[in-house]
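What the coordinates show
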Amino acid sequence: VRVPPRRAASARYETTIFALFLLAIASSLLLTSASRPPRAVTGILSGGGRLASRGAASWMRAASGSSSARALADGAVAHGELLPAELVARVPHREKLVLSFVLAFLEANALPAQLLVNGGYVRDLLLGSVPDDLDLSLCLRECDPAVTVATVMHGLPGFALERPELNVSSVTITTILSDASKDKNVDTAKAHLVVGSPPERIEVDFMPTIGEETYDEFNRVPERDVRGTPEQDALRRDLTIGAMLLHVFQPRGSGPSGGGGAAAPEAAAEALQWRLLDFYGGLADLQRRVLRSPYPAGADASLVRASVLRYAEERELARKMGLLPSDGAAGSPARSDSPAPAGAAGEGAEALQVVWWIKVLRDDPLRVLRALRFSAKLGFQLHSSFWLAVPFALSSLQSKVAGSRKKDELVKIARAGREPLLTFLDLSFGFPLPNATCGGGGVPRPPPPLF
């Protein structure tokens, strides 16, 4: 088969080819493995939603007896509370050394910044997995305007040389900014720290806590307020289970000292305290095994709807799907298949959940694939509002996201194993989207912009 020149191949062509490759993998797995019982295909908005894949369900059953699962079930972990010792013990010691080193730098330079662990690291720790991919946020709201993530990164290599007793022998900074990111005030960096003895290199991503994000319709890199609060930063995440933060700090008087000898940094690293920040119900969703987006529960639903559904075609699609009545006024979607978080009430909460997830997916359409991947990998059920929001993101997914980025998500799920891959394909190809996007018939079909 003659492949067209790369310059003539569209992003859709590339991801279509890769999807066929994934289907070939799935077929091979089915042929070389024991036969798998068939699953009934039902509508995505009826019957209670997806079952977990067998592999993910087995993993969750094994994790249910862990100290993390017991802490969640016993209520030992809660928003604003310190993590119990059994969870802190799961954090690798060398990563504690990294955090202690960064805190020592902030203290030495009198920077009143909060250090926060974010994203999947927090989720994995609470699920009982060994956390990886250490991602850190710095809340710089109280710092001088001249202080940025870039200026902090600039000071870390020299600080490592000045303070060898902190057990970080070198720091190498690699910026990860595209030209578009630089233009839009995205202040992020990647650092490689050589830690401990024998030395081990640890990769860490740094970024500020981000407030309001503004997207345009042609680029998935937003303009950002880099002086946001932790709560604002959590709201911009795509899933509640990835929106939790850990505020890491040294108890008063327990930080590493310059003359404390080799044991001082080790003791300081183990003395770190970890406060959980769960603004949007991520803990409850971990317990229920549900995937949904954060949303501003106290906001006015009509104002949020007006800001999200900006164009006539979006409002018309919302009316066709029953999210708006025919006159365009506020309507309520079909009832969710998991309860809203505490403090949210009735139809207003359900409407906000759907409309905000429309915003989340449309702002960064790659999140459609991420949600499907996490559902398949973890065995978590997608909240019904996800499927109501997906049709609003399809055109953006086609026009804003490069085929290579979609391919990266597909590679990740392929590497997760046979059962997650098959579940991902079931979710992507075996279930109809709401009738407004299926010609009224509800016939299962692959969403074209995904593959």
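Heads up: these notes are all about the structure in this document. (Residues numbered from 1 in each chain as written. Predicted model: local features only at pLDDT ≥ 70, side-chain atom pairs only at ≥ 80, totals over all residues. Heavy atoms only, no water.)

Some words on the sheet that holds strand 3 (residues 168–175)
One open sheet holds the 7 strands; their spatial order is 3-4-5-2-1-8-9, and the pairing between them is mixed. The outermost strands of the open sheet, each flanked by one partner alone, are strand 3 and strand 9 (273–277). The mean angle between the axes of side-by-side strands here comes to 30°, regardless of whether they run parallel or antiparallel. Running at roughly 50° to strand 5 (residues 200–208), helix 5 (residues 93–108) makes contact with strand 1 (114–118), strand 2 (134–139), strand 3, strand 4 (189–195), strand 5, strand 8 (245–249) and strand 9 of the sheet. (Pairing = 2+ DSSP bridges. Helix = DSSP H or I, 4+ residues; strand = E, 2+ residues; numbered from the N terminus. Axes fitted to C-alpha atoms, helices over the stretch in contact; angles between N-to-C directions. Contact = heavy atoms within 4.5 Å.)

Points about the packing of aromatic side chains
Under the defined criterion, the tally for this structure stands at 5 aromatic pairs. On the basis of an interplanar angle of 80° and a centroid distance of 5.4 Å, the ring pair of Phe-105 and Phe-159 is categorised as edge-to-face. Residue Phe-105 is located in helix 5, and its partner Phe-159 is located in helix 7 (residues 149–162); the two are separated by 54 residues in the primary sequence. Phe-159 carries the same exposure label as Phe-105, and that label is buried. An aromatic cluster of three or more residues is present, and its members are Phe-101, Phe-105 and Phe-159. Its end group placed over the ring of Phe-374, Arg-373 keeps NZ or CZ at 4.8 Å from the ring centre. (Phe/Tyr/Trp six-rings, centres within 6.5 Å; stacked < 30°, edge-to-face > 60°. Buried < 20%, exposed > 50% of the residue type's maximum accessible area, 1.4 Å probe, protein only. Lys NZ or Arg CZ within 6 Å of the ring centre and 35° of its normal.)

Let's talk about the packing of helix 15 (residues 366–378) against helix 18 (residues 403–415)
Here helix 15 crosses helix 18 at 0°, and the two axes come no closer than 10 Å. By the angle between their directions, the pair helix 15 and helix 18 is classed as roughly parallel. When helix 15 is examined against helix 18, the residues Leu-366, Leu-369, Arg-370, Arg-373, Ala-376 and Lys-377 are found in contact with a partner set consisting of Arg-405, Lys-406, Glu-409, Lys-412 and Ile-413. For the contact of helix 15 with helix 18, the per-class residue count stands at 4 nonpolar, no polar and 7 charged. (Parallel < 35°, antiparallel > 145°, perpendicular 65-115°, else oblique. Nonpolar A, V, L, I, M, F, W, Y, C, P; charged D, E, K, R; others polar.)

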